[in-house]
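If you want the building blocks of each chain, they are given just below.
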Amino acid sequence: MRVTVTVNGTTETHDVETRMLLVHYLREVRGLTGTNIGCDTTSCGACTVLLDGESVKSCTLLAVQADGGEITTIEGMAAPDGTLHPIQQAFHEHHGLQCGFCTPGMVMAVASLLKEHPDPTEAEVREGLEGNLCRCTGYHNIVQAVLAAAHSGELVP
Amino acid sequence: MIPASFEYRRAGSVEDALGWLAEDPDSTKLLAGGHSLLPLMKLRLATPGVLVDVGRVPGLSYVRDAGDHVAIGALTRHRDLEISEVARASVPLLAHVAGQVGDPQVRHRGTIGGSLAHGDPASDLPAAVLALDATMVADGPRGRREIAASDFFRGFLETALEPDEMLTEIRVRKAPSGWAFQKFNRRAQDWAIVGVAAVLDGEPRVALVNMGSTTVRARGTEEALAAGAEAADAAARAAEGLEPPSDLHASAEYRRHLATVLVRRALVEAAAARG
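Thresholds applied
Each chain carries its own residue numbering, running from 1 in the written order of its sequence. All chains are assigned letters beginning at A, and all ligands numbers beginning at 1, according to the order in which they are written. Under the rules for a predicted model, residues below a pLDDT of 70 receive no local features and side-chain atom pairs below 80 are neither given nor counted, while totals for whole chains, interfaces and linings still include all residues. To obtain the side-chain values, all non-hydrogen atoms of the structure were used and water was disregarded. The helix and strand labels rest on DSSP assignments: H or I over at least four residues marks a helix, E over at least two residues marks a strand, and numbering proceeds from the N terminus. Radius of gyration here is computed from C-alpha atoms only, and the compact-globule reference equals 2.2 Å multiplied by the residue count raised to the power 0.38. Any residue under 20% of the maximum accessible area for its type is buried, any over 50% is exposed, and the rest in between are partly exposed; the area is computed with a 1.4 Å probe on protein chains only. Here the open area of atoms and residues is found with the Shrake-Rupley method and a 1.4 Å probe, where only the protein chains shown may cover a residue. Positive charges come from Lys and Arg, negative ones from Asp and Glu, while His and the chain ends are left out of the count. The atom standing in for a charge is NZ when the residue is Lys, CZ when it is Arg, CG when it is Asp and CD when it is Glu. Bear in mind that the domain bounds are from an automatic or database domain assignment. Whether two residues touch is decided by their heavy atoms; if any such pair falls within 4.5 Å, the residues are in contact. What gets called buried area is simply the loss in accessible area from a 1.4 Å probe that two parts show on being joined, summed for both. Put simply, a salt bridge is a Lys or Arg side-chain nitrogen that is within 4 Å of an Asp or Glu carboxyl oxygen. Whenever a nitrogen or oxygen atom comes within 3.5 Å of another N or O atom, the pair is scored as a polar contact, on the condition that within protein one atom can donate a hydrogen and the other can accept it, and that pairs from neighbouring residues in sequence are kept only if both atoms are in side chains. Between any two strands, at least two bridges found by DSSP are needed for them to pair. An axis is simply a line fitted to the C-alpha atoms; with a helix, the fit covers only the stretch in contact. Between two such axes, the angle follows the N-to-C directions and lies from 0 to 180 degrees. Throughout, the term roughly parallel applies to angles under 35 degrees, roughly antiparallel to angles over 145, roughly perpendicular to angles from 65 to 115, and oblique to all others. By the definition used in this description, the sense in which the near helix is turned from the far one sets the handedness, with an anticlockwise turn below a right angle giving left-handed and a clockwise turn giving right-handed. The rule is simple: put a 1 Å grid over the protein atoms alone, call a set of points where a 1.4 Å probe fits but cannot get out a cavity, call an open set with protein on both sides within 12 Å along at least five of seven lines a pocket, and count a residue as lining if it has an atom within 4 Å of a point. Grid points are joined across faces, edges and corners, and a volume is the space filled by probe spheres set on the points. Note on residue categories: nonpolar means Ala, Val, Leu, Ile, Met, Phe, Trp, Tyr, Cys or Pro, charged means Asp, Glu, Lys or Arg, and polar means any other residue, Gly included.

### Side note on the overall build of chain B
Inference 1: When helices and strands are tallied, chain B shows 12 helices and 14 strands.
Inference 2: Against the 2.2 N^0.38 benchmark of 19 Å for 275 residues, chain B shows a C-alpha radius of gyration of 18 Å, consistent with a compact globule.
Inference 3: Principal-axis analysis of the C-alpha atoms gives chain B an extent of 55 × 45 × 35 Å.
Inference 4: Counting only residues that meet the buried cut, chain B has 59% of its 275 residues in that class.
Inference 5: Carbon and sulfur atoms make up 48% of the accessible area of chain B, which totals about 11100 Å².
Inference 6: Side chains of chain B carry 31 positive and 36 negative charges; the gap between the two charge centres is 5 Å.

Below is the structure:
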């Protein structure tokens, strides 16, 4: 089936199998391998991307469901000149990652979370990231990074 | 994990969906948000020949005050129900439970109609609508019919919907106060080991998550409450007549005990909220 999807501002049309998952479309058709496949069972959140501005798990969507939609992946977060997005910068400064596998999904989940809760409490951050697993950090520095990003004054609402 | 091949059709209306369902009801499945069906398809536990995507059917995502009840469109996503002003004011139990489903990503996609039609006994929303005496509105080739929640959940992943019908609206009674929801799980985002939805406004209703092959009412507790029993005594009868499952999370015996504990907490909380 023919699908037209805008990914990080670039619109392309491709013929895909109807059973193709969105995450495979992003990685294999669009060549954007920043979005990881972790558990493949809607649990770990490593494959989180934004669909029309909201976080979704791209292993649990068909590419055909995203037809006509706008996707943002981790590759779309930094500025074209390489300047990190404020959320990425906060993860960097607060050591919000160790191995980095969960980080792309974590950053996208945070982008969605901060849209819904621009000034979150620590508890709201912890609850808001319940769909993303990290096996390295114990979450503490991720939470610190999210709070720092929220209060950086650099996020466009 | 990749689903088995299927033919994909995108419905523009309920009529489209019903027409395609009627062609081959047994091998056609409706796809709304996909957060119950796609995981099953990836595991090849579901292998529909035709997938009818109703996710974009207009006019089925709403939460409306309908006078004596609140009407919810079947395609209303959990997140939209969670933040709906109408739901928060008139059926706060439902708004709260919608905010407990899965995790934020799941709530951005999953729909109330999809969750209820899936009929998983471990899901939170079936218990909530059972406690709220909901009426399910189903459309099909023989027209529209209403199904009481107490007749809707038939068994494990089985509802009263016929294979050629589509759930289109859920109507719940207003219960602005005197409610509680309790859920126990071991990890964030997990299914409830046991959950409880209690509504004390009007006739007391207590519904349980994961205490049988489908969502069930705690009839023993309801009877005791109707007879004027205290919360602790009513809660002691929570598992009466029920056969909860045993799995790697908990034995049936553990679940029976947990149900009495959670029901007691829910009754105390609901009574306090009623004031």
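### Remarks on the domain arrangement of chain A
Residues and elements named next belong to chain A.
Inference 1: When its domains are assigned, chain A resolves into domain 1 (2-76) and domain 2 (86-150).
Inference 2: The interface is formed by 18 residues belonging to domain 1 together with 13 residues belonging to domain 2.
Inference 3: Carbon and sulfur atoms make up 59% of the area that domain 1 and domain 2 hide from each other, which totals about 1200 Å².
Inference 4: At the surface where domain 1 touches domain 2, the tally comes to 0 salt bridges.
Inference 5: Put simply, domain 1 and domain 2 have 7 residue pairs in polar contact (both at pLDDT 80 or more) between them.

### As for the sheet that holds strand β3 (residues 50-53) of chain B
Residue and element names in this part refer to chain B.
Inference 1: Taken in spatial order, the 3 strands of this open sheet run β1-β3-β2, and their pairing is parallel. Bordering the open sheet on either side are β1 (7-10) and β2 (28-31), each of which pairs with just one other strand. Strand-to-strand, the axes of this sheet are offset by a mean angle of 25°, without reference to chain direction.
Inference 2: As paired elements, β1 and β3 share 4 bridges and run parallel to each other.

### Some remarks on the environment of leucine 51 of chain B
Inference 1: Turning to its location among the elements, leucine 51 of chain B is positioned in strand β3.
Inference 2: Take leucine 51 of chain B: its relative accessible area is 0%, and that puts it in the buried class.
Inference 3: In this structure, leucine 51 of chain B is in contact with Leu62 of chain A together with Phe6, Glu7, Tyr8, Arg9, Lys29, Leu31, Leu37 and Met41 of chain B, ignoring residues within four places of it in sequence.

### Considerations on the packing of helix α2 (residues 86-93) of chain A against helix α5 (residues 140-150) of chain A
All names here are of chain A.
Inference 1: At their nearest, the axes of α2 and α5 sit 8 Å apart, and the two run at 135° to each other. With respect to each other, α2 and α5 are oriented oblique. In this structure, α2 meets α5 at a crossing whose hand is right-handed. Along its contact with α2, which presents Pro86, Ile87, Ala90 and Phe91, the element α5 presents Ile142, Ala145, Val146, Ala148 and Ala149.

### As for empty space enclosed by the protein
All names here are of chain A.
Inference 1: The full count for this structure, using the stated rule, is 1 cavity of 30 Å³ or more.
Inference 2: Together, Gly38, Cys39, Asp40, Thr42, Ser43, Cys44, Gly45, Ala46, Cys47, Lys57 and Cys59 line the largest cavity.
Inference 3: The residue makeup of the lining of the largest cavity, split by class, is 5 nonpolar, 4 polar and 2 charged.

### Remarks on the domain arrangement of chain B
Inference 1: With domains assigned, chain B is organised as domain 1 (7-53), domain 2 (63-173) and domain 3 (179-274).
Inference 2: Taken over C-alpha atoms, the centre of domain 1 of chain B sits 34 Å from the centre of domain 3 of chain B.

### Comments concerning the sheet that holds strand β12 (residues 194-199) of chain B
Residue and element names in this part refer to chain B.
Inference 1: With antiparallel pairing, the 4 strands of this open sheet are ordered in space as β11-β12-β13-β14. Of all strands in the sheet, those bounded by a partner on one side alone are β11 (179-184) and β14 (216-217).
Inference 2: Two elements, β11 and β12, share 6 bridges in a ladder whose sense is antiparallel. Bridge assignment links tryptophan 179 to a residue of β12, and that residue is valine 199.

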